[in-house]
Amino acid sequence: MFYTPLTTDRLILKNISEDDNTFMLEQFSNDDVNRFLYDAEPLSTLEQTNEIINFYLQPEPRIQHRWILILKETGEKIGTCGFHCWDKETHSVDIGYDLQKAYWNQGFMTEALRAIIDFAVQKMKIQHIHAHIYVKNEASLAIAKKLGFTFQGATEIENFRGDDYLHHIYTLDTSE
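Being a predicted model, the structure only gives us computed values, none of them experimental. (Residues numbered from 1 in each chain as written. Predicted model: local features only at pLDDT ≥ 70, side-chain atom pairs only at ≥ 80, totals over all residues. Heavy atoms only, no water.)

**A look at the overall build of the chain**
For the chain, the helix and strand inventory stands at five helices and eight strands. Written out in order from the N terminus, the α and β elements of the chain read β-β-α-α-α-β-β-β-α-β-α-β-β. A globule of 176 residues ought to have a C-alpha radius of gyration of about 16 Å, and the chain, at 15 Å, matches this closely. Looking at the 176 residues of the chain, the share that counts as buried comes to 47%. (Helix = DSSP H or I, 4+ residues; strand = E, 2+ residues; numbered from the N terminus. Rg over C-alpha atoms; globule rule 2.2 N^0.38 Å. Buried < 20%, exposed > 50% of the residue type's maximum accessible area, 1.4 Å probe, protein only.)

As structure tokens, then:
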């Protein structure tokens, strides 16, 4: 298995699995979690949830992966993070992450992202990690900046429910 579970001081990052469907449904039907996600409708059924999980369980090697964040102390699942669009030729990947509101501003996501960034550099040989962040998502912007991501001028527009949402693409250059 290429993608392995990871650990940090306070977290276990386990590979997503079929038994995470109830958690994933709760996570991605939550208005706080979905507040700045403009790429898909919130989940409303286990069938939709299973489709997402199956996307992340495609046979390896695959260009996407998701970990579930679990508190070591309690075993509670609190969020997810992972990669999309791994381009092996350009040594680049997109990163995505989400966290339940009760755990915001406690450093959990920064801790988890440091672990998967290290995995990306060491195991995937990634040199450029991109984070597509809605311009009004101040918490996500703060995490990206804390981790060394910089805005180099690239933008994209996500059209969601007929409205356009400006995203800045922040990049972490790991080859330096």
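**Observations regarding the sheet that holds strand β5 (residues 92-99)**
Spatial strand order, β1-β2-β3-β4-β5-β6-β8-β7: eight strands in an open sheet with mixed pairing. Every other strand in the sheet has two partners, leaving β1 (6-7) and β7 (150-160) as the edge strands with one partner each. By the bridge criterion, seven bridges tie strand β4 (residues 77-87) to β5 in an arrangement that is antiparallel. Residue pairing in the sheet places Asp87 in a bridge with Ser92 of β5. (Pairing = 2+ DSSP bridges.)

**Things to note about empty space enclosed by the protein**
The final tally for this structure, using the stated rule, is one cavity of 30 Å³ or more. The volume enclosed by the largest cavity comes to roughly 30 Å³. Residue lining of the largest cavity: Ile95, Tyr97, Leu113, Ala131, Ile143, Ala144, Leu147 and Phe149, and that is the complete set. Tallied by class, residues from the lining of the largest cavity come to eight nonpolar, no polar and no charged. (1 Å grid on protein atoms, 1.4 Å probe; cavity = no way out; pocket = protein on both sides within 12 Å on 5 of 7 lines; lining within 4 Å. Points joined across faces, edges and corners; volume = space filled by probe spheres on them. Nonpolar A, V, L, I, M, F, W, Y, C, P; charged D, E, K, R; others polar.)

**A few points about the pattern of salt bridges**
Oppositely charged side chains can pair when the atoms bearing their charge come close. Applying the stated criterion across every chain yields a total of seven salt bridges. Residue Asp20 pairs with Lys14 through a salt bridge whose shortest N-O separation is 2.8 Å. The class for Asp20 is buried, based on a relative accessible area of 0%. According to the relative accessible area criterion, Lys14 is buried, its value standing at 18%. Between Arg66 and Asp98 there is a salt bridge, with the nearest N and O atoms lying 3.0 Å from each other. With a gap of 32 residues between them, Arg66 in strand β3 (residues 65-71) and Asp98 in strand β5 connect regions that are remote in the sequence. For Arg66, a relative accessible area of 6% corresponds to the buried category. (Salt bridge = Lys/Arg side-chain N within 4 Å of Asp/Glu carboxyl O.)

**Quick word on the environment of Ile95**
Take Ile95: it is sitting in strand β5. Note on Ile95: relative accessible area 8%, which makes it buried. Sequence separation between Ile95 and His132 is 37 residues; the distance between their C-alpha atoms is 7.9 Å. With near-sequence residues (within four places) excluded, Ile95 lies in contact with Gly82, Phe83, His84, Leu113, Ile116, Ile117, Ile129, His130, Ala131 and Phe149. (Contact = heavy atoms within 4.5 Å.)

**So, the pairing of strand β6 (residues 128-134)**
For β6, a buried count of five out of seven residues is recorded, marking the element as mostly surrounded by other parts of the structure. Strand direction decides the pairing type here: β5 and β6, joined by three bridges, are parallel. Each residue of the ladder has a partner; that of Asp94, found in β6, is His130. One crossover worth recording links β5 to the parallel β6 by way of helix α4 (residues 108-122), and it is right-handed. (Right-handed = clockwise from strand over helix to strand, strands pointing away.)

**Overview of helix α3 (residues 46-56)**
Among the residues making up α3, those that are buried are Thr49, Ile53 and Tyr56. The arc that holds every buried residue of α3, seen down its axis, measures 55 degrees, which confines them to one face. Along α3, exposed side chains directed more than 90 degrees from the buried face belong to Glu47 and Glu51. Check the buried side of α3 and you find it contacts α1 (21-27), β3 and β4. (Arc of directions from axis to C-beta.)

**Some points on the layout of surface pockets**
Considered as a void within the structure, the largest pocket measures approximately 1,300 Å³ in volume. Lining the largest pocket are 47 residues, with Leu37, Arg66, Gly96, Tyr97 and Asp98 sitting closest to its centre. Elements represented by at least two residues in the lining of the largest pocket include exactly α2 (31-34), α3, β4, β5, α4, β6, α5 (138-146) and β7.

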